[in-house]
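Coordinate inspection notes
Each chain is listed here by its residues.
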Amino acid sequence: MKNKIILLTLCAVMTGMVFSGCKNENIEASDTGVTSSAAADDNTAQGEANGMFDIETVRKNIVIKGQPFEVPIVLKDLSNGWTWEENENSKWCDEGLGLATIFYNEEEMFIAGVENYYDGSEEKGIIYNLTVETGDSSIDGLIPLLSTKQEVIKKYGQPDKVKQMEEPFIDGYYYGTINDNSTMGGRINEQRVNIKFTEEGIVKIISITYADLEK
């Protein structure tokens, strides 16, 4: 389904899943992708330069169909009511990466990009990427189909990167670390928010990625 393809910035080219980034290394389940102080300082500096964007605030302020959520989080540590199953498109991912369909009280909520995802220990996988695209969900108070480009700029300032998008979007704003990657099937080595707009300047989808930048 189209909406499942655009749920992840991981899924961007052709009819299959094409990814950008580098391969992940095995880490302990307790490691949820928190960056080193140097990386955190870099993020803070970017946020200050841009005005008001702070990935550490944004990643903890996610609402999925009325339910609070945050990234990163280990699959086995999902709270009561949350469950997951492997998404069939995981076959397109590099070793150590996957896609998981996330449910709350048996209702499908979103498709997550997962790192630290290995055969036999999938429950140790870490959700580090997700996308919202419906009016009952939000990231840091921004709501698809409702919030405007002007509101995004007022909230975060000018984007760190603007990328022209194909229809039905007009462009995409990126805030946070921007690492242009080229490895197919790989990991998105970024900590950022990507917001895509309609021609009318309305937010269409919002994606958040919070990878471990030490990898």
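Read on for a plain summary of the structure. (Residues numbered from 1 in each chain as written. Predicted model: local features only at pLDDT ≥ 70, side-chain atom pairs only at ≥ 80, totals over all residues. Heavy atoms only, no water.)

A word on the overall build of the chain
Which entries qualify depends on this criterion: Put simply, DSSP marks the helices as runs of H or I at least four residues long and the strands as runs of E at least two long, and each gets a number from the N terminus on. Any residue under 20% of the maximum accessible area for its type is buried, any over 50% is exposed, and the rest in between are partly exposed; the area is computed with a 1.4 Å probe on protein chains only. Contacts are assigned to residue pairs with any non-hydrogen atoms lying within 4.5 Å of each other. Every accessible area reported is derived by Shrake-Rupley at a probe size of 1.4 Å, with residue values counting cover from the shown protein chains alone.
Looking only at helices and strands, the chain has 4 helices and 12 strands in total. Looking at the chain as a whole, 52% of its 215 residues qualify as buried. Of the contacts made within the chain by residues no fewer than 6 positions apart, 58% connect residues no fewer than 24 positions apart. Accessible surface, the chain as shown: approximately 10300 Å² in total, 47% of it carbon and sulfur.

Section: the pattern of salt bridges
To keep it simple, the criterion reads: Whenever Lys or Arg places a side-chain nitrogen within 4 Å of a carboxyl oxygen from Asp or Glu, that contact is recorded as a salt bridge.
Tallied over the full model, the rule gives 8 salt bridges. One salt bridge in this structure joins Arg59 and Glu56, with 2.8 Å as the shortest N-O distance. On the basis of relative accessible area, Arg59 is assigned to the buried category, the value being 9%. The exposure class assigned to Glu56 is partly exposed, which follows from its relative accessible area of 25%.

Description of the nonpolar core
Selection criterion: Here, nonpolar core refers to any group of buried Ala, Val, Leu, Ile, Met, Phe, Trp, Tyr and Cys residues whose side-chain atoms link them within 4.5 Å.
Of all hydrophobic cores here, the largest spans 35 residues; its most connected members are Phe69, Ile127, Leu130 and Ile195. Apart from residues lying up to four places away in sequence, Ile195 is in contact with Leu142, Val152, Tyr156, Asp171, Gly172, Tyr173, Tyr175, Val203, Ile205 and Ile206.

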